[in-house]
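Analysis of the macromolecular model
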Amino acid sequence: VQVGKVQVVDYARLPSSKQEINRIILLGIILGCGAGLGLVFALEFFNNTVRTIDDVRQQDLIVLGIIPSIGYSETEKKRFKFFSAEKNNGGLKRRLMTKENPKSPVSESYRSLRTNLLYSSPKKEPKTILVSSAGPGEGKTTTVANLAITYANLGKKTLLIDTDLRRPVVHNVFEMNREDGITNYLAHATDNY
């Protein structure tokens, strides 16, 4: 058998030393943490959500009111932990604070919002108010229900219409039967033409 020409390109090396492996692991940890922090700062820099009153004012908008969150007290949390039949959104309960506790700070903030809405237009007070938000569970129902009560307490004729076609819940808040809704009304209104 004839042996071909063989040339040694590189000699085999012994496995890396422990010190070199530790250096690679340390470098990986440093680069991983740096990349994570860089990603966090980039996300924070490009995040344009409104979180504070100052964010609203930077957009040259007016803050009409600040409503504190309505949560459970510690005793209510214990009492309703296993026996609550009412569904909550994110631990918050839809409550008619202006009816339950009219002297509370939350009720006062709803009255302040009502007053600011009444005087928001210099010519005449608004006849229609729309409350909306981008997602579910942000407090639309609680806000409109309490705001409607403050308007009614002022002696204003108040009509609260729940136009949430997917999940109407105003009838639950006021403990009323669910009857024909806005969709039925609109469907029958077109029949008359």
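Residues numbered from 1 in each chain as written. Predicted model: local features only at pLDDT ≥ 70, side-chain atom pairs only at ≥ 80, totals over all residues. Heavy atoms only, no water.

What follows deals with the overall build of the protein chain. Regarding its fold elements, the protein chain presents eight helices and zero strands. Starting at the N terminus and walking to the C terminus, you meet the elements of the protein chain as α-α-α-α-α-α-α-α. When burial is assessed residue by residue, the protein chain has 18% of its 193 residues classed as buried. Of the contacts made within the protein chain by residues no fewer than 6 positions apart, 53% connect residues no fewer than 24 positions apart. (Helix = DSSP H or I, 4+ residues; strand = E, 2+ residues; numbered from the N terminus. Buried < 20%, exposed > 50% of the residue type's maximum accessible area, 1.4 Å probe, protein only. Contact = heavy atoms within 4.5 Å.)

Before going further, it helps to spend a moment on helix α6 (residues 140-153). In this model, α6 (14 residues) spans 20 Å end to end at C-alpha, consistent with the 20 Å of a helix rising 1.5 Å per residue. Regarding α6, the residues found buried are Thr141, Thr142, Thr143, Val144, Ala145, Asn146, Leu147, Ala148, Ile149, Thr150 and Tyr151. If you follow the buried residues of α6, they end up packed against α4 (97-100), α5 (105-118) and α7 (170-173). Gly155 occupies a position one or two residues after α6 and carries a positive phi of about 95 degrees. (Expected span 1.5 Å × (residues − 1).)

Okay, helix α1 (residues 18-46) next. Here α1 spans 42 Å end to end across 29 residues, near enough to the 42 Å set by a 1.5 Å rise per residue. Little of α1 sits out of view: just zero of its 29 residues are buried.

As a further point, take the packing of aromatic side chains. Counting across every chain of the model gives one aromatic pair. Ring geometry for Phe45 versus Phe46: centroids 5.0 Å apart, planes at 80 degrees, classification edge-to-face. Each member of the pair, Phe45 as well as Phe46, is classed as exposed. (Phe/Tyr/Trp six-rings, centres within 6.5 Å; stacked < 30°, edge-to-face > 60°.)

All right, on to the packing of α5 against α6 then. Relative to each other, α5 and α6 sit at 75 degrees, their axes nearing to 9 Å. By the angle between their axes, α5 is roughly perpendicular relative to α6. Counted together, Tyr110, Arg111, Leu113, Arg114, Leu117 and Leu118 of α5 and Thr142, Thr143, Asn146, Leu147, Thr150 and Tyr151 of α6 form the full contact between these two elements. Across the contact of α5 with α6, the residue classes break down as six nonpolar, four polar and two charged. (Axes fitted to C-alpha atoms, helices over the stretch in contact; angles between N-to-C directions. Parallel < 35°, antiparallel > 145°, perpendicular 65-115°, else oblique. Nonpolar A, V, L, I, M, F, W, Y, C, P; charged D, E, K, R; others polar.)

On to the confidence of the model for the protein chain. Taken residue by residue, the protein chain gives an average pLDDT of 79. The fraction at 70 or more is 83%. Predicted confidence is poor over residues 79-92, with pLDDT under 50, and the contacts of this stretch with residues over four places away or in other chains come to twelve contacts. (pLDDT = per-residue confidence, 0-100.)

The subject of this paragraph is a nonpolar patch on the surface. Together, Ile21, Ile25 and Ile29 line one region of the surface with nonpolar side chains, adding up to about 270 Å² of accessible area. Mapping Ile25 onto the fold places it in helix α1. (Patch = residues over 30% accessible without salt bridge, like charges linked within 9 Å, V, L, I, M, F, W, Y side chains within 5 Å. Areas by Shrake-Rupley, 256 points an atom, 1.4 Å probe, with all protein chains shown as cover. Salt bridge = Lys/Arg side-chain N within 4 Å of Asp/Glu carboxyl O.)

The next subject is the nonpolar core. Listed in full, the five residues of the largest apolar core are Leu113, Leu117, Leu118, Leu147 and Tyr151. Residue assignment for this core shows that the elements contributing at least two residues are α5 and α6. A per-element tally of this core places α5 first, with three residues. Sequence-distant contacts of Leu118, that is, excluding residues within four places in its chain, are made with Glu125, Pro126, Tyr151, Leu154 and Lys156. (Core = buried A, V, L, I, M, F, W, Y, C linked by side-chain atoms within 4.5 Å.)

To continue, consider the layout of surface pockets. Quantified by volume, the second largest pocket comes out at close to 680 Å³. Of all the secondary structure elements, the ones that give two or more residues to the lining of the second largest pocket are α7 and α8 (182-191). Of the residues that constitute the lining of the second largest pocket, the class distribution is ten nonpolar, five polar and five charged. (1 Å grid on protein atoms, 1.4 Å probe; cavity = no way out; pocket = protein on both sides within 12 Å on 5 of 7 lines; lining within 4 Å. Points joined across faces, edges and corners; volume = space filled by probe spheres on them.)

What follows concerns unusual backbone geometry. For Asp60, which is not glycine, the phi torsion reads 60 degrees and is therefore positive. Among the secondary structure elements, Asp60 is positioned in the loop between α2 (53-58) and α3 (74-80). By relative accessible area, which is 70% here, Asp60 ends up exposed. Despite not being glycine, Glu175 has its phi angle at roughly 50 degrees, a positive value. In this fold, Glu175 is placed in the loop between α7 and α8.

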